Amino acid sequence: MRIKEIIKALSDKGEVSLDIWKPISARKSSDGTLDILYRNRVVGSEKDPVFLWAYVNIVEDDVRILEKITFKKEHVKWITNSITRFEKA
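Residues numbered from 1 in each chain as written. Predicted model: local features only at pLDDT ≥ 70, side-chain atom pairs only at ≥ 80, totals over all residues. Heavy atoms only, no water.

A. Up close: the sheet that holds strand β4 (residues 62-72). Pairing within the open sheet is antiparallel, and its 4 strands lie in the order β1-β2-β3-β4. Taken across any chain shown, the strands that pair with only one partner, and hence form the sheet edges, are β1 (21-28) and β4. Adjacent strand axes in the sheet meet at a mean angle of 20° when their direction is disregarded. The pairing of strand β2 (residues 33-44) with strand β3 (residues 49-59) spans 8 bridges and is classified as antiparallel. (Pairing = 2+ DSSP bridges. Helix = DSSP H or I, 4+ residues; strand = E, 2+ residues; numbered from the N terminus. Axes fitted to C-alpha atoms, helices over the stretch in contact; angles between N-to-C directions.)

B. Fine view of the nonpolar core. Within the largest apolar cluster, 16 residues are counted, with the highest numbers of intra-cluster contacts made by I6, L10, I36, Y38, V56 and V63. For this core, the element with the highest residue contribution is β3, accounting for 5 residues. Residues in contact with V56, not counting those within four places in the same chain, are I6, L10, G32, T33, L34, I36, V63, R64, I65 and L66. (Core = buried A, V, L, I, M, F, W, Y, C linked by side-chain atoms within 4.5 Å. Buried < 20%, exposed > 50% of the residue type's maximum accessible area, 1.4 Å probe, protein only. Contact = heavy atoms within 4.5 Å.)

C. Geometry of the side chain of D35. Tracing the sequence through the fold places D35 in strand β2. Accessibility expressed as a relative area gives 11% for D35, which makes it buried. Within the local environment of D35, its side chain forms a polar contact with the side chain of W53, the two groups lying 3.0 Å apart. If we skip the residues at most four places from it in the chain, D35 touches S25, A26, R27, S29, W53, A54 and Y55. (Polar contact = N/O pair within 3.5 Å; in protein donor to acceptor, adjacent residues only side chain to side chain.)

D. Representation of the pairing of β4 in the model. Strand direction decides the pairing type here: β3 and β4, joined by 10 bridges, are antiparallel. Opposite V56, over in β4, you have I65 as the bridge partner.

Here is the structure:
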């Protein structure tokens, strides 16, 4: 399946509404999974966006979300800083 077909299938199944979430990036892995990053069209702003990361399993023509996380840009900065401090400890 192509990435656009997977995104549409997730929307058709009601997993991720394309009315609310705009796909902005996707990355296929060799293990049959796909990482998709969405940006919220309704909540947030250009300066303070809200994102959704979805970890998707693809088996033949069936797609399923294994994990999804909603976050803001500030959360990424916090996680990155925390990992950096942890590695130095």
